[in-house]
Structure formats: structure tokens, C-alpha cells
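# Overview (structure and organization)
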Amino acid sequence: MIPQEFDYSAPTNLQEAFQLIADGERKVLAGGMSLIPLMKLRLATPEHVVDLGRVPDLNHIGDEGSVIHIGAMATHHDVETSAVIRARCPLLAETASNIGDVQVRNRGTLGGSIAHADPSADYPAALVALEGKIRIASAKAERTVPAAAFFLDPFTTALEPGELVVEVLVPAEAGSEGYRYEKLEHPASGFAIVGIAARIQKSGRGIAMARIGVTGLGPHAFRALETERLLESGAEMEKAVASLGEGEEANSDLYASADYRRHLARVHARRAIAVALTRAS
Ligand code: FAD
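The notes below deal with the structure included here. (Residues numbered from 1 in each chain as written. Predicted model: local features only at pLDDT ≥ 70, side-chain atom pairs only at ≥ 80, totals over all residues. Heavy atoms only, no water.)

## Remarks on the environment of leucine 35
Position of leucine 35 relative to the elements: it lies in helix 2 (residues 35-40). Sequence separation between leucine 35 and valine 275 is 240 residues, and the spatial gap between their C-alpha atoms is 35 Å. The contacts of leucine 35, once residues within four sequence positions are left out, are Lys27, Val28, Leu29 and Ala44. (Helix = DSSP H or I, 4+ residues; strand = E, 2+ residues; numbered from the N terminus. Contact = heavy atoms within 4.5 Å.)

The following block contains the structure:
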């Protein structure tokens, strides 16, 4: 349980951090909730750890009109308790409140969680349902990637070597929108065996807009596009929910087989949509 020897730097600005991660076997350290256990188990053996903890202004949370900007180093607790996020993007605050336990939420960061890209992490479901964007930067350039194109595979994202997540952008929700994050958590870790983020806008008796993000079921989070389409076209809930995960690769492990996970995803989708509908005005 002792990591391999490594060098440690704590840059005090972003440019310095970019220089330090430019080459070699380097890893940035955010909250350390995933990286440190991996290093202790020697599943990660970086030669150099670059701690982002002293880089200022990476944990800001603010709204600019219709978009909320959240710095990569905002902790899960910051996201859960931010007045801006609770008022203007409550789905994300609700999702953050479901992560791990209080210690994990106090140390773990939004940027670290999405960069780590655990297939059972909670944020990715909300970020794809919110059609959020990830702002990525390196010493040379900056780009913005839609959340749906950021999560590529288990522990694999669109980040290239030398790049950092600097900010997450989410649209401020329309006041009339209903939302819900529902998950079946693993009894030991709290990670999502399946997690469903739902956003619903009603029109009359129907559903004008449905966005359903899924985590835990497959190798990476995804939007349940067919379920959304069926909900928006007035199909019965059972039919819409039954389409979730159809034809999608599903994870299978000691806790839940692929078929059981698909079943769980549908059960939790039904629950998430039902709550989102009651919250939509
Ligand atoms: P770190 O551990 O510091 O880093 C993780 C990885 O991301 C490293 O590879 C690092 O180099 C990279 N990285 C960090 N920041 C950046 C950046 N800005 N740009 C590019 N790369 C970066 N998660 C859930 O979603 N749901 C849960 O229920 C849950 N339960 C947990 C329970 C326990 C007991 C523990 C220990 C963790 C749990 N987690 C859970 C994971 C937790 O959310 C972590 O906080 C998260 O996975 C990593 O965030 P971090 O800030 O700690 O990143």
C-alpha cells in the first residue's frame, strides 16, 4: 500500500502546470480520491505528480447569462451546495449529493471525476443529459468538447497528453423543467451500478422535451436517444423505458450481470422520469 517513489510539484499558476505536465510519465493531482488509491495499489506509477491544489481560480462557480461555468477544482461539496447551481442547474447539485460519502465529496473534484471517467461515476449521466460542455486547455491551445463526445470508454476520455480539464459549462435550466438523478449505488463504494439523470419539460399533457443520461450500464455514459424520442412522441412510459439500453453494450460483473443491469437501468429510468414529471411545471 505504499506508492512507488515520485517527484512532486505544486505549481501556482496554470501555465506552470501546463509546462510541468508537458511530457513524461506525469499525472495531475486534484482531490486524490481516485489517483492516490491507484498509486498505493501501484496501478498508477507516475514519475511526477503535479498538484493542482495551489493553482488559483480553478474552483470558481458562476453564471454568465444562460450558461453556468464550474471550475475543474470545484469539489463535489461545492457543486452540491452552490446557490447558483442549486437555483439554476439543480440536476447537477442533486447528482453531486449522491457521490460517495462526505469525505469523498469534500476532497473529490468535478474535473478529477470526469477526467478519471469511471464508467460508474455519477456526473457523466447528468452532464450528457444537460448537454454540458468540457473546456480543455494545454500550453498551446484551448478547445471545448460536448460531454457526449468526452467520455469515450472506461477510464478513457477525449483528453490528449498535455491537456487539462479547466472548466465545465452547463446550461441554466428553464424554470419549468423537472429533473431527477436516480441511482442504485454499490453498497461498498457508493458508485452507481446504474444511474439515470432525467430532464423533462411538459407541454399540456405531453412531454415537450426529454433528456435521459445513463451511467453504469455501459462502457461510458450515454444519452438514451430512443427513450427520449418515444417520450417526446407521446409513447407510453413502459414502451419508452423498455427501449433503454436496447442494442447497447452492457457491463457485467460480480454484482450485476448485463441483463440485470439493463433491467435495473429501466427500473431507475421509470423512477427518475416519474419524479422529473412531478417536478416539471
Ligand atoms: P484525482 O483522484 O486527483 O484524479 C483522478 C484522475 O483525474 C487522475 O488521473 C488525475 O491525473 C486526473 N485529473 C484530475 N484533475 C484533472 C484535470 N483538471 N484535468 C485533467 N486530468 C485531471 N465517484 C462517483 O462518481 N460516485 C460515487 O459514489 C463515488 N464513491 C466513491 C467512494 C470512495 C470511497 C472513493 C475513494 C471515491 C468515490 N468516487 C465516487 C470517486 C470520487 O468522485 C473521486 O473524487 C473522483 O473520481 C476523482 O476526483 P479527484 O478530484 O479526487 O481526482
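## A look at the packing of aromatic side chains
The way to describe two aromatic rings as a pair is by their centre distance and the angle between their planes. Inspection of the entire model under this criterion finds one aromatic pair. For the ring pair phenylalanine 150 and phenylalanine 151, a centre distance of 5.1 Å and an interplane angle of 90 degrees mean the geometry is edge-to-face. With respect to class, phenylalanine 150 is no different from phenylalanine 151; both count as buried. Seen from the ring of tyrosine 179, arginine 279 lies directly overhead, with NZ or CZ sitting 4.3 Å from the centre. (Phe/Tyr/Trp six-rings, centres within 6.5 Å; stacked < 30°, edge-to-face > 60°. Buried < 20%, exposed > 50% of the residue type's maximum accessible area, 1.4 Å probe, protein only. Lys NZ or Arg CZ within 6 Å of the ring centre and 35° of its normal.)

## What about the sheet that holds strand 4 (residues 61-64)?
Judged by pairing direction, the sheet is antiparallel, and its five strands sit side by side in the order 4-5-10-6-7 without closing on themselves. Here the strands that pair on one side only, and so sit at the sheet edges, are strand 4 and strand 7 (142-146). Averaged over all neighbouring strand pairs, the angle between strand axes comes to 25 degrees, with direction disregarded. Looking at chain direction, strand 6 (residues 133-137) and strand 7 are connected through five bridges and run antiparallel. Among the inter-strand pairings, isoleucine 136 is bridged to a residue of strand 7, identified as arginine 143. (Pairing = 2+ DSSP bridges. Axes fitted to C-alpha atoms, helices over the stretch in contact; angles between N-to-C directions.)

## So, the side chain of threonine 109
Checked against the element boundaries, threonine 109 lands in the loop between helix 6 (102-107) and helix 7 (110-116). Among all residues touching threonine 109, those that are not within four sequence positions of it are Ala30, Gly31, Ala72, Met73, Ala74, Thr75 and His76.

## Some thoughts on unusual backbone geometry
Positioned with a positive phi, aspartate 57 is a non-glycine residue whose angle comes to about 65 degrees. Assignment of secondary structure puts aspartate 57 in the loop between strand 3 (48-51) and strand 4. Here aspartate 57 falls in the exposed class, since its relative accessible area comes to 63%.

## Considering the layout of surface pockets
By volume, the second largest pocket is sized at about 270 Å³. Asp118, Ser120, His186, Phe191 and Asp253 are the residues nearest the centre of the second largest pocket, which is lined by 14 residues in total. Considering only residue class, the lining of the second largest pocket consists of six nonpolar, five polar and three charged. Taken domain by domain, the makeup of the lining of the second largest pocket includes at least three residues from each of domain 2 (61-171) and domain 3 (179-279). (1 Å grid on protein atoms, 1.4 Å probe; cavity = no way out; pocket = protein on both sides within 12 Å on 5 of 7 lines; lining within 4 Å. Points joined across faces, edges and corners; volume = space filled by probe spheres on them. Nonpolar A, V, L, I, M, F, W, Y, C, P; charged D, E, K, R; others polar. Domains from an automatic or database assignment.)

## What to know about empty space enclosed by the protein
The full count for this structure, using the stated rule, is one cavity of 30 Å³ or more. In this structure, the largest cavity encloses a volume near 30 Å³. Ala117, Asp118, Pro119, Pro124, Phe151, Asp153, Pro219, His220 and Ala221 are the residues that line the largest cavity. Here the lining of the largest cavity is built from residues that sort into six nonpolar, one polar and two charged.

Read these as geometric descriptors, not functional statements.
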